[in-house]
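# Residue-level structural notes
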Amino acid sequence: MSNDSLSSTEQARTVNEYLDCLQVIMVNTTLPANIGSAARAMHTMGLSRLTVVDPKLPIDETSVSHAAGGSELLSSALITPTLESAISDCQLVFAASSRSRHLPRPVVTPTQAAKIMFDFIDTQSALSANDNNVNTSSDAVSSKPNIAILFGREDRGLTNEELAYADYHIQIDANPAYPVLNVASAVQVIASFIFAYAQTHAQTADNLDSDTSAEAQSTINVNLRQQWDEPAINQQQLQQLTQRTTDLMVQRGLANSEHLKSLPSRLSRLGSRLQLDQKEYQLLSALIAKLSKD
């Protein structure tokens with residue numbers, strides 16, 4: 001790959017640098033062997049960041065034996081007690097789901113998901129680079145985008161509450177009579193689409209805004225902001241804003257604290273759809289704080 005084929009911005013992002021912005025999060029796994037198989041699938045497709053949320057059994061020798069060449073991913077894997085802590089610093093969250101759930105989020109295929117991921121990485125990375133160019137002091141910090149892909153339990157996948165954290169749901173085309181994959185197989189399939197897309201995206205600057213595949217050219221019925229003038233908020237900030245808005249509505253008599261039903265989930269989905277940036281988050285936080293005092 002010659003440097004002539006890449007813009008100056010693109011030259012700074014190789015396939016590995018794109019993939020390093022992604023983390024696979026496995027929730028409440030039952031079998032340690034499945035963690036190992038997922039690590040092997042990730043390693044095969046160039047993904048290196050694995051987080052396991054509240055596993056029923058810890059990573060063990062069966063995990064290592066199933067990981068094969070991906071055993072290093074097990075050594076560096078993060079173990080967290082809650083999904084909230086695992087995604088708190090993520091700006092974009094995807095969840096693998098075989099069926100629609102209550103209060104569904106936009107559903108995309110693996111290829112469409114990959115396009116959304118890498119367009120987001122390009123936009124956020126360019127913004128971060130511009131910020132660092134303006135701030136020439138030694139305190140300038142280069143922060144990379146952080147994107148999570150959630151995978152659920154072996155027996156029942158992700159709960160409605162866990163799926164509500166995702167901005168998009170990824171569904172894999174499969175036999176409609178039985179569209180359920182083993183969790184490690186789901187990791188393998190989605191990771192393979194991501195890796196294939198990353199190769200094309202990183203190599204050809206002309207393909208940054210349009211992909212030649214028929215699937216990627218199909219209309220995705222989602223609201224995807226193409227440009228930010230400030231960095232996107234992360235999941236922790238979105239959940240904080242959701243809670244503050246809920247509390248304000250209760251305080252103002254617009255909601256009953258004992259009968260909130262799906263209000264927090266709807267507010268969270270609204271925030272995901274708006275795709276707020278840091279300045280917008282500050283403005284809304286200030287507005288909520290003012291209304292709470294009045």
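Residues numbered from 1 in each chain as written. Predicted model: local features only at pLDDT ≥ 70, side-chain atom pairs only at ≥ 80, totals over all residues. Heavy atoms only, no water.

### Points about the nonpolar core
Keep this limit in mind: The criterion is simple. A nonpolar core is a set of buried Ala, Val, Leu, Ile, Met, Phe, Trp, Tyr and Cys residues joined through side-chain atoms within 4.5 Å. Residue burial is assigned from relative accessible area. The probe radius is 1.4 Å, only protein chains are included, and a residue is buried under 20% of its type maximum, exposed over 50%, and partly exposed in between. Segments assigned H or I by DSSP are reported as helices when at least four residues long, segments assigned E as strands when at least two residues long, and all are numbered from the N terminus.
Counting residues in each nonpolar core, the largest one holds 47 residues, and the members touching the most others are Leu50, Phe94, Met117, Phe118, Phe151 and Ile194. The greatest single-element share of this core, amounting to 10 residues, is contributed by helix α9 (residues 183-203). Counting residues in hydrophobic clusters, the runner-up holds 15 residues, among them Ile25, Ala86, Leu150 and Tyr165.

### Quick look at the pairing of strand β6 (residues 147-151)
Counted only if it meets this: Here, any two strands with at least 2 DSSP bridges between them count as paired.
Taking burial as the measure, the five residues of β6 include five buried ones, the bulk of the element. Of the two faces of β6, the one lined by Ile147, Ile149 and Phe151 and the one lined by Ala148 and Leu150 are each fully buried. Here strand β1 (residues 22-27) runs beside β6; their pairing, made up of five bridges, is parallel. Residue pairing for β6: Met26 is matched across the bridge by Phe151. Relative to β6, strand β4 (residues 92-96) runs parallel, the two being bridged by four bridges. Considered in β6, the bridge of Leu92 is made with Ile147.

### Observations concerning helix α13 (residues 278-293)
Quick note on the threshold: An expected span of 1.5 Å times one less than the residue number is assigned to each helix. Here the arc refers to the set of directions running from the helix axis out to each C-beta atom. Every residue pair with non-hydrogen atoms within 4.5 Å of one another is taken to be in contact. Pairs of N or O atoms are called polar contacts if they sit within 3.5 Å, as long as, within protein, a hydrogen donor faces a hydrogen acceptor (for residues adjacent in sequence, only side-chain-to-side-chain pairs).
Relative to the 22 Å expected for 16 residues at 1.5 Å per residue, α13 spans 23 Å between its end C-alpha atoms, a close match to the ideal helical length. Listed in full, the buried residues belonging to α13 are Tyr281, Ser285 and Ile288. Burial along α13 is one-sided: seen end-on, the buried residues are contained in an arc of 65 degrees. Along α13, the residues that are exposed and aim more than 90 degrees away from the buried face are Leu283, Lys290 and Lys293. Contact partners of the buried residues in α13: α11 (235-251). Where α13 begins, one side-chain oxygen reaches toward the backbone nitrogen of Lys279, 3.1 Å away; that side chain belongs to Asp277.

### A closer look at the packing of helix α3 (residues 32-44) against α9
Defined as follows: Orientation is described by lines fitted to C-alpha atoms, with helices fitted over the stretch in contact, and by angles between N-to-C directions that extend from 0 to 180 degrees. For classification purposes, angles smaller than 35 degrees are called roughly parallel, those larger than 145 roughly antiparallel, those between 65 and 115 roughly perpendicular, and all remaining angles oblique.
In contact at an axis separation of 8 Å, α3 and α9 are set at 10 degrees when each is read in the N-to-C sense. With respect to α9, the axis of α3 lies roughly parallel. Contact residues: Asn34, Ser37, Ala38, Ala41, Met42 and Thr44 in α3; Val183, Ala184, Val187 and Gln188 in α9.

### Here's the deal with helix α12 (residues 263-274)
A rise of 1.5 Å per residue sets the reference length of α12, with its 12 residues, at 16 Å; its end C-alpha atoms lie 17 Å apart and thus fit the reference within 8%. Of all the positions in α12, only Leu263, Leu267, Ser268, Arg269, Gly271 and Ser272 are classed as buried. At its buried positions, α12 is contacted by α11. Backbone geometry just after α12 places Gln275 at a positive phi near 55 degrees.

### Section: the confidence of the model for the protein
The cut-off we apply is this: Think of pLDDT as the predictor's per-residue confidence, scored from 0 to 100.
Of all residues in the protein, 81% attain a pLDDT of 70 or more, and the chain-wide mean is 84. Scored below 50 in pLDDT, residues 1-12 makes 17 contacts in the model with residues more than four places away or belonging to other chains. Taken as a whole, residues 136-142 scores under 50 in pLDDT and shows six contacts with residues more than four places along the chain or in a different chain.

### A word on the environment of Ser128
Within the secondary structure, Ser128 is located in helix α7 (residues 110-134). Taking C-alpha positions, Ser128 is 6.8 Å from Ser143, a pair spaced 15 residues apart along the chain.

### Brief notes about the sheet that holds strand β3 (residues 78-80)
Here we have seven strands laid out as an open sheet, ordered β3-β2-β1-β6-β4-β7-β5, and parallel in their pairing. Lying at the two open borders of the sheet, with one neighbouring strand each, are β3 and β5 (107-108). Sheet analysis places β4 next to strand β7 (residues 168-170), joined by three bridges and oriented parallel. Directly across from Phe94, in β7, lies its bridge partner Tyr168.

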